[in-house]
Amino acid sequence: MAEVLPDSVDVTQVQWVTILGGILGGILGGILGGILGGILGGILGGILGGILGGILGGILGGILKHGRQMHLHLTMTISYTALVATSSRGFGCFWKLLFRWKGSIYKLVYHELIIYCLMYTTISLVYRLALSEPHRRRFEAVALHIEAFINLIPMAFVLGFYVSIVIRRWWDQYITIPWPDTIAVFVSTNIHGQVCCVHQHTRTVVLCPPTYTDRCVVSTNIHGQNEKARVMRRTIMRYVNLTFAITMSMISPPIKKRFPTMDHLVEMGLLTEQEHMIFQILNAKTTYSKYWMPLIWAGALISKARKEGRIRDDFAVKTIMDELNNFRRGCGRLLSYDSISVPLVYTQVVTLSVYTFFIATTVGRQFLDPSQNYEGNTVDLYIPWFTILQFFFYMGWLKVAESLINPFGEDDDDFEINALVDRNIVVSYLIVDEMHEDHPELIKDMYFEEVVPTALPYTVATEQYRSAPNQGSTADIHVPEHQQEILDPIMEDEEEGEVETVRGGILDGQKTVASTPLKGVPSDHEKMGSVPPTPRRRKSFVSALVSRISSAASRKVGSARVRSSSSVGERRRLRVTSAAGTRATLIDTVSEVDENVKTS
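Residues numbered from 1 in each chain as written. Predicted model: local features only at pLDDT ≥ 70, side-chain atom pairs only at ≥ 80, totals over all residues. Heavy atoms only, no water.

Peer 1: Explain the overall build of the protein chain to me, please; I cannot follow it from the model alone.
Peer 2: Looking only at helices and strands, the protein chain has 18 helices and 6 strands in total. A total of 600 residues make up the protein chain; the buried ones form 33% of that total. In the protein chain, 70% of the contacts between residues at least 6 apart in sequence involve partners at least 24 apart. As displayed, the protein chain has an accessible area near 38600 Å², and 62% of this comes from carbon and sulfur atoms. (Helix = DSSP H or I, 4+ residues; strand = E, 2+ residues; numbered from the N terminus. Buried < 20%, exposed > 50% of the residue type's maximum accessible area, 1.4 Å probe, protein only. Contact = heavy atoms within 4.5 Å. Areas by Shrake-Rupley, 256 points an atom, 1.4 Å probe, with all protein chains shown as cover.)

Peer 1: For this particular structure, what's the right way to read helix α6 (residues 181-190)?
Peer 2: Residues spaced three or four apart along an α-helix face the same direction, because each turn holds 3.6 residues. Here α6 has its buried residues at I183, A184, V187, S188 and N190. On its buried face, α6 is in contact with α7 (227-251), α12 (314-339) and α15 (417-434).

Peer 1: For this particular structure, what's the right way to read the confidence of the model for the protein chain?
Peer 2: Reading fine detail from the predicted coordinates is not recommended where pLDDT is low. Scored by pLDDT, the protein chain comes out at a mean of 76, with 63% of its residues at no less than 70. Here strand β3 (residues 216-221) stands out as the least confident element of the protein chain, with mean pLDDT 33; α12 is the most confident, with 95. Low pLDDT, under 50, characterises residues 495-521; the predicted model gives this stretch 50 contacts beyond four residues in sequence or across chains. Predicted confidence is poor over residues 561-568, with pLDDT under 50, and the contacts of this stretch with residues over four places away or in other chains come to 6 contacts. (pLDDT = per-residue confidence, 0-100.)

Peer 1: Would you mind going over the pattern of salt bridges with me for this structure?
Peer 2: Two side chains of opposite charge can pair, provided their charged atoms sit close to one another. In this structure the tally under the stated criterion is 19 salt bridges. For R128, the salt bridge is made with D380, and the minimal N-O distance between the two is 2.7 Å. With R128 in helix α3 (residues 105-130) and D380 in the loop between α13 (344-364) and α14 (385-404), the pair connects residues that are 252 residues apart, well separated along the chain. By relative accessible area, D380 is classed as partly exposed at 23%. A salt bridge links E410 to K257, with the shortest nitrogen-to-oxygen separation between them at 2.5 Å. Of this pair, E410 sits in the loop between α14 and α15 while K257 sits in helix α8 (residues 253-258), placing them 153 residues apart in sequence. For K257, a relative accessible area of 59% corresponds to the exposed category. It is possible to trace a salt-bridge network through shared partners that takes in E133, R137, E140 and D369. (Salt bridge = Lys/Arg side-chain N within 4 Å of Asp/Glu carboxyl O.)

Peer 1: Would you take a moment to explain the packing of aromatic side chains for this structure?
Peer 2: A ring pair, where both rings are aromatic, is described by two values, the distance of the centres and the angle of the planes. Counted according to the given criterion, the structure contains 19 aromatic pairs. Seen from their ring centres, F279 and W297 are 5.7 Å apart, and the 80 degrees between their planes marks the pair as edge-to-face. In this pair, F279 is assigned in helix α10 (residues 273-285) and W297 in helix α11 (residues 293-307), connecting sequence segments 18 residues apart. Ring plane angle 20 degrees and centroid distance 6.5 Å describe the contact between Y394 and W397, whose orientation is recorded as stacked. (Phe/Tyr/Trp six-rings, centres within 6.5 Å; stacked < 30°, edge-to-face > 60°.)

So, in structure tokens, the structure goes:
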């Protein structure tokens, strides 16, 4: 059955790439046939070489043909999320991704890989067949020297750091892309139809400014007067989408091809002839970009809607203007990403390190004569399998950075900006026009009587995912009841070294500090009928100094009394009593001195 190609695919181009694949396959087959002929004999080697040449020709022809069709039928941003959504099912979840062509590593590196294999094979044939014995020895010395120093190139470090910078920049550019949805929602919510009312005395329908609503009998949105408000809403969103299209045409080649001039924007319907003339007049005055101009017009329309009473309050105006400024900020950041790239010197260092390394491997990784007993060259394999894998990985790493450094181009994984422009126009008009007054009826939900639903439905396929709510990692920790008793907090007196228990009352033989009572709750001394403790005054420097001296003296007196006492409670009472008496006497003396100084 003949293959039917799309109308956009040129059959002649597909035939030429098939022929090119056959030629390349024949060249590689001839090279392999010569190598196998030298090993196995001329006839057998020629047969095997012809077979391999035919196989390689068919493979390369199919790959190039398929790649050409995909290039002519270009769609960007390869998504494979659905294929790997559940990696635990089946064996080798990611293996199915290895056989995809579009956006694959094979498509990125196959040109360089073919050239590298041809270079390596040519040098190998020259070494094996064309060089004399003395020249072969000299070639081997050069190959050993290159192999000894080739690993000094820090390719993995430089390339890995560069790719991480590029990928971070690639994702930052995507999240910077402004979306008009929020602006459309605010515009649809806040810009209403022409407000009309029935005058109280004349009973006629008149315009009703916000300051005159108290004079109206009926205040409503009359649909017959809604045409201008609809035009305003659609025009504001057209200006927003026009700003996005102008910005993308400055940084994205696919958008530039779609809108090469401002006339194409007029034909698209995003720009009117009058607005085009304004752009032409401004372009004659200055060459700076004017992507922000439509947002200025949108702001003027919002101010006009507020004056006409279509927007009810200034806070709504501020909300819409803030979103317009955020949209302009996003467009400006995209232009900054376009003008400020990764430093050129870093890109040059990475590119030179990768290409220099693999050019050197075409000589340094050659299989040398095993009879010479060179270290690491005891086996002659002819084909450097692991060097080819190394080329595949490192060159693929570099190609990833090359394709992602500008995500607004035409690579397979670049952003689909043309589809995004179409989507923004359709969705924004849908929000501000089609759905502006078309809302569903306000009804009770199915759980209205229950208030909180007791059980939510699952399908048969998702019943296995039903689970209890998460209660935290400490939910299963059990604390014994005897360990749940709350202890009284204990604090140590810094001056006397006393252990004090903080309670609301007075304990016998211990020093207590009154706790702060809660509002509305009687404290312990109120319950007991006792006198509440007197709050302490803030000590002056002299008082604090005297307190330290008195505490030292009281400790000496207390220690002397402790030696003559046999009871622990008696020792504590004696020490507290002596310390309190001495300190109280000294504090009163110092306080009187302070008061005399203040009065004098």
